[in-house]
Amino acid sequence: MKLYTYFRSSAAYRVRIALNLKGLAYESLPRHLLRDGGEHRQSEFLRLNPQGLVPVLEDNGSALTQSLAIIEYLEETHPEPALLPHAPLQRARVRALALAIACDIHPLNNLRVLNYLRAPLGLDKVSVDAWYRHWIACGFTALEEAAERMASDGRHLVGTAVTLADVCLVPQMYNARRFGCELGPYPTLRTISAHLESLPAFARAAPEAQPDAV
Ligand SMILES: N[C@@H](CCC(=O)N[C@@H](CS)C(=O)NCC(=O)O)C(=O)O
């Protein structure tokens, strides 16, 4: 398998974690999102993903896009260890938390959105940072509350094993730290993330551990 990735892309980070958890070897093909106007906007990459977003996973010549769809594909083709619980209720809870991060928090703070705020809308750095932190606070407040209610083992968002929700949490926490967000109000999320980040599959997927880390 080949993974088109960028070390700081949280969507690619999710897929790297899932590949590592499932023990799947892959070739890393970095596409720099800033260099030369963005290597993800070049025609060769747009042929793989017309959306011009990383990650893309190539498996047996087929290009797969959208991190959650990719991870569900890996789950179906390599079921062990399972990232979705077997019980329908728990599965729905895991998916809800994963979607809260991947669909309701992450897209608001994506590179292209921040770039649009900077130009053409003309927001300065202080305003763009405020935008970023506002949406993290909004999303994490609800996530913290949900995590508390979930009453898991304190090391995972749901239950006692790593799930898709955890795979989404760690990259979003990484981004929040990177942008200097206040994380004091989210002790449950911080404790869970600290545990997960200590696991080898997560550590090997971390941005700093990637070949394109600068
Ligand atoms: N929903 C997509 C999001 C993919 C995405 O937004 N990727 C970001 C990096 S995390 C990207 O390629 N951004 C390029 C840009 O904003 O120009 C997924 O989960 O795969």
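What comes next is a walk through the structure. Residue positions are given per chain, counting from 1 as you read along its sequence in written order. Two thresholds apply to this predicted model, a pLDDT of at least 70 for residue-level local features and 80 or more for giving and counting side-chain atom pairs, whereas whole-chain, interface and lining totals are computed over all residues. Values reported for side chains reflect all heavy atoms of the structure, with hydrogen atoms and water molecules removed beforehand.

On to unusual backbone geometry. Note on backbone geometry: most residues besides glycine have negative phi, and most peptide bonds are trans. For the bond from Glu80 to Pro81, the omega torsion is -10 degrees, close enough to zero to count as cis. Residue Pro120 follows Ala119 across a cis peptide bond; omega there is 15 degrees. You can see Pro120 is positioned in the loop between helix H5 (111-118) and helix H6 (125-150). Although it is not a glycine, Asn60 sits at a positive phi angle of roughly 50 degrees. One can find Asn60 in the loop between strand S3 (56-59) and strand S4 (62-65). Burial here depends on accessible area, computed with a 1.4 Å probe over protein chains only, as a share of the maximum for the residue type. Under 20% is buried, over 50% is exposed, and the range in between is partly exposed. By relative accessible area, Asn60 is classed as exposed at 75%. Numbering goes from the N terminus for both helices and strands, where a helix is a DSSP run of H or I of at least four residues and a strand is a run of E of at least two.

Before going further, it helps to examine the site of the ligand. Note on definitions. A residue lies near a molecule or strand when any single heavy atom of the residue is within 4 Å of it. Around the ligand, the surrounding shell holds 16 residues, and the nearest of these are Val54, Gln66, Ser67, Asn110 and Arg112. Note that a nitrogen atom of the ligand is positioned 2.7 Å from one of the backbone N or O atoms of Val54. Any pair of N or O atoms that falls within 3.5 Å is considered a polar contact. Within protein, one atom must be able to donate a hydrogen and the other to accept it, and sequence-neighbouring residues count only if both atoms are side-chain atoms. Arg112 is positioned with one of its backbone polar atoms (N or O) 2.8 Å from an oxygen atom of the ligand. Under the convention used here, a 1.4 Å probe and the Shrake-Rupley method define accessible areas, while residue burial counts only the protein chains that appear. Relative to its unbound accessible area of 510 Å², the ligand is 91% covered by the protein chains. According to the grid-proximity analysis, the pocket containing the ligand is the largest pocket. Every element with two or more residues in the shell around the ligand is listed here: helix H1 (10-21) and H5. The element best represented in the shell around the ligand is H1, accounting for 3 residues. Of the residues in the shell around the ligand, the class split is 6 nonpolar, 7 polar and 3 charged. Only protein atoms enter the 1 Å grid, on which a cavity is a set of points fitting a 1.4 Å probe that cannot get out and a pocket is an open set with protein on both sides within 12 Å along at least 5 of 7 lines, lining residues being those with an atom within 4 Å of a point. Molecule-in-pocket calls rest on the fraction of atoms, with more than half required to lie within 2 Å of the cavity or pocket grid points. Here the nonpolar group is Ala, Val, Leu, Ile, Met, Phe, Trp, Tyr, Cys and Pro; Asp, Glu, Lys and Arg are the charged ones; every other residue, Gly included, is treated as polar.

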